[in-house]
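Topology and contacts: notes
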Amino acid sequence: MARSWSGALSATDASFLRIETEREPQHVGSLSILEGAPLRDTTGRIDVERLTGHVARRLHRVPRLRQRIKEVPLGQGRPVWVDDDHFDLEYHLRVTALARPGDARQLSTLMGRLQSLPLDRRRPLWEMWFVDGLESGDVGLIVKTHHALGDGIANVDLALSLVDLEPTPPPDPDPPAWSPRPAPSDSELFVDGVRRQLAAPFHLTRAAVGAARDPRATIEATTDVVRTALKFSDQPPSAPWNREVTPHRRWEHADVPLDLVRSIRSRTGATVNDVVLAACTGSIRRFLIEHDHGVDDRVIKAMVPVSKRTDEEHGDTLGNLISLIIVELPVDEAEPLARLDRLREETSRLKADDGLMAGAQRFVEFADVVPSLAGVLTRFVSQSIPMNLVVTNVPGPPVPLYLQGARVLRTYPYVEVIDHEGLTMAVISYDDQLFFGLTADREVLPDLEVLASGLHDEFRALLAAATDCKSRG
């Protein structure tokens, strides 16, 4: 039987490496604002030595942070995770500064520039940048982690391993000793990959026999593939941001009190996710109108990731455990509550439909059977999803977090863009707030702040309309 390396990436995780280009780095990340004073030494500078020691004591909680990827020669299989025998924590923890007094605009610009740069595949796929010089005296923390490490929830779990629930937690015990395990050689990986290819016909034959005995699974899989192919053929018209991307990113943010969202929910019965989608839809509608793009007959489709992670898979399980739904955003609807009602109907219908992701997953898994087509097929799937943008909502901790005594005041997400999908709208809930991070290609959407500011207006419009509707009975 073909041997499997314990550190092999899943087909889904490997897909983010396969679609990555210099123009399309496939990492996700965040910008957090922390209280500055607890992070400084007696000279007023960020205490890098203390922060490095803290992270070093927590690394054993997430072994992947000391692992890099190793490719199989000639592409004969998925990459594997191996311990980095030259692991250098100081490479991954960095300090930079804005020109004092650094304002929010400078920080957003820095965020966009740092996130534009691909991670070095020769090293573990993450970086942390502490940012000094903010006019408030606070400290920024910019994080980058490759999507191959995990989805949004996995990355929240990763971050939680480095922070605490109280400002003065008990001291960390000494971490267990660590030494890198020997990585498989190129020849071992190549032989293992060839064995897998030689075993493929046997597995296909066995699957065919099983299908003949009980065809239900095969019928279901075939149905998923057919439905996915039909959905892929139903491409929406291009939006202004659906163009080939450059290597440069623009990033903006917005804050919304969770109490405001709860007020809308209590008056309408909608879910938080639906309210978020409605606000995003309204902001996009405002943007299109402001730029003289018609909205009356326009179709805008959003890919919305839906987590499949169970409670047991939080904390210990990285990787990507998601499904996808494609939601048509009613930008043609002028009334905020009517937009919300249409979205509620659409999402309730779609949430039970896992066929799109299942069918797309079949295509990606087929890439493992034919390694020479892996990159081409994976990229075809990623560019064939019928969407104009990504809207993703990641649940974060509802309570304050602390890093070395410094309270995390705000935290904003970053999600990458790819060719012909040059806009993502991501949101994370934390400490009774919703924090939005909007990413676009720098050249494609030079006024991304219009979409960010539109979110504030749309949440207020939804609340006003919901309150008025309820008062009228």
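Keep in mind that what you see is a predicted model, and the values were worked out from it rather than measured.

Further remarks concern the overall build of the protein. The helix and strand tally for the protein stands at 13 helices and 14 strands. By residue count, 52% of the 473 residues in the protein fall in the buried class. Across the protein, the fraction of contacts at a sequence separation of at least 24, relative to all contacts at a separation of at least 6, is 79%. With an accessible surface of roughly 21,600 Å², the protein has 54% of that area assigned to carbon and sulfur atoms.

The next point concerns the nonpolar core. The biggest cluster of nonpolar side chains holds 52 residues, and the ones touching the most others in it are Trp126, Met128, Phe130 and Ile142. Top contributing element to this core by residue count: strand S5 (residues 126-134), with six residues. Residues in contact with Met128, not counting those within four places in the same chain, are His92, Leu93, Arg94, Leu141, Ile142, Val143 and Leu162. Listed in part, the 49 residues of the second largest apolar core include Leu258, Ala279, Leu455 and Ala466.

Of the two faces of strand S3 (residues 80-83), the one lined by Val80 and Val82 and the one lined by Trp81 and Asp83 are each fully buried. Alignment of strand S2 (residues 67-70) against S3, held across four bridges, turns out to be antiparallel. Bridge pairing in S3 places Arg68 opposite Val82.

Let us look at the sheet that holds strand S6 (residues 139-146). Pairing is mixed across the open sheet formed by six strands, whose spatial order is S4-S5-S6-S1-S12-S11. The open sheet has two edge strands, strand S4 (93-102) and strand S11 (402-403), and neither has a second partner. As paired strands, S11 and strand S12 (residues 406-414) are joined by two bridges and run antiparallel to one another. Each bridged residue has a counterpart across the sheet, and for Leu403 the counterpart in S12 is Ala406. Set on the sheet, helix H2 (residues 48-58) makes contact with S4, S5 and S11; between it and S4 the angle comes to about 140°.

Now for the confidence of the model for the protein. The share of residues in the protein with pLDDT of 70 or more is 81%, and the mean pLDDT across the chain is 85. Every residue in residues 1-5 scores below 50 in pLDDT, and together they form 13 contacts with partners more than four places removed in sequence or on other chains.

Tallied over the entire structure, the rule returns 27 salt bridges. Salt-bridge contacts for Arg121 lead to Glu20; the nearest nitrogen and oxygen are separated by 2.7 Å. In this pair, Arg121 sits in the loop between helix H4 (104-116) and S5 while Glu20 sits in the loop between helix H1 (11-18) and strand S1 (27-34), placing the two residues 101 residues apart along the sequence. Accessibility expressed as a relative area gives 14% for Glu20, which makes it buried. Here Arg286 makes a salt bridge to Glu458, at a shortest N to O gap of 2.4 Å.

Within this structure, the stated rule accounts for six aromatic pairs. Here the aromatic rings of Trp251 and Tyr412 are separated by 6.0 Å at their centres, their planes lie at 75°, and the arrangement is edge-to-face. A residue pair is termed long-range when its members are at least 10 positions apart, and Trp251 in strand S7 (residues 249-257) and Tyr412 in strand S12 qualify at 161 residues. Taken individually, Trp251 and Tyr412 each receive the classification buried, so the pair is uniform in this respect. Ring-pair connections join several aromatic residues into one group, and the members of that group are Trp251, Tyr412, Tyr430 and Phe435. Across from the ring centre of Tyr91, 4.4 Å away, lies the NZ or CZ of Arg94, which sits over that ring. One Lys or Arg, Arg123, reaches over the ring of Tyr91 and ends 3.9 Å from the middle of that ring.

Below, the discussion takes up the environment of Val444. Note that Val444 resides in the loop between strand S14 (433-441) and helix H13 (449-471). Relative accessible area serves as the criterion here: at 9%, Val444 is assigned to the buried category. Placed 199 residues apart in sequence, Val444 and Val245 show a C-alpha to C-alpha distance of 7.5 Å. With sequence-adjacent residues up to four places away left out, Val444 is seen in contact with Pro240, Trp241, Arg243 and Glu244.

Helix length check: helix H10 (residues 336-350) (15 residues) gives 21 Å between terminal C-alpha atoms against 21 Å at 1.5 Å per residue, within 8%. Taken together, the buried positions of H10 are occupied by Pro336, Leu337, Arg339, Leu340, Leu343, Glu346, Thr347 and Leu350.

At their nearest, the axes of helix H8 (residues 258-268) and H13 sit 9 Å apart, and the two run at 35° to each other. Between H8 and H13 the crossing geometry is left-handed. Side by side, H8 and H13 meet where Leu260, Val261, Ser263, Ile264, Ser266, Arg267 and Thr268 of the first sit next to Phe459, Leu462, Leu463, Ala466, Thr467 and Lys470 of the second. Within the contact of H8 with H13, the residues separate by chemical class into seven nonpolar, four polar and two charged.

Looking at the element boundaries, Gly294 is found in the loop between helix H9 (272-290) and strand S8 (300-307). Considered as a pair, Gly294 and Val331 are 37 residues apart in the sequence and their alpha carbons are 9.8 Å apart.

Reading the values: the criteria
- Residues numbered from 1 in each chain as written.
- Predicted model: local features only at pLDDT ≥ 70, side-chain atom pairs only at ≥ 80, totals over all residues.
- Heavy atoms only, no water.
- Helix = DSSP H or I, 4+ residues; strand = E, 2+ residues; numbered from the N terminus.
- Buried < 20%, exposed > 50% of the residue type's maximum accessible area, 1.4 Å probe, protein only.
- Contact = heavy atoms within 4.5 Å.
- Areas by Shrake-Rupley, 256 points an atom, 1.4 Å probe, with all protein chains shown as cover.
- Core = buried A, V, L, I, M, F, W, Y, C linked by side-chain atoms within 4.5 Å.
- Pairing = 2+ DSSP bridges.
- Axes fitted to C-alpha atoms, helices over the stretch in contact; angles between N-to-C directions.
- pLDDT = per-residue confidence, 0-100.
- Salt bridge = Lys/Arg side-chain N within 4 Å of Asp/Glu carboxyl O.
- Phe/Tyr/Trp six-rings, centres within 6.5 Å; stacked < 30°, edge-to-face > 60°.
- Lys NZ or Arg CZ within 6 Å of the ring centre and 35° of its normal.
- Expected span 1.5 Å × (residues − 1).
- Left-handed = near helix turned anticlockwise from the far one by under 90°.
- Nonpolar A, V, L, I, M, F, W, Y, C, P; charged D, E, K, R; others polar.

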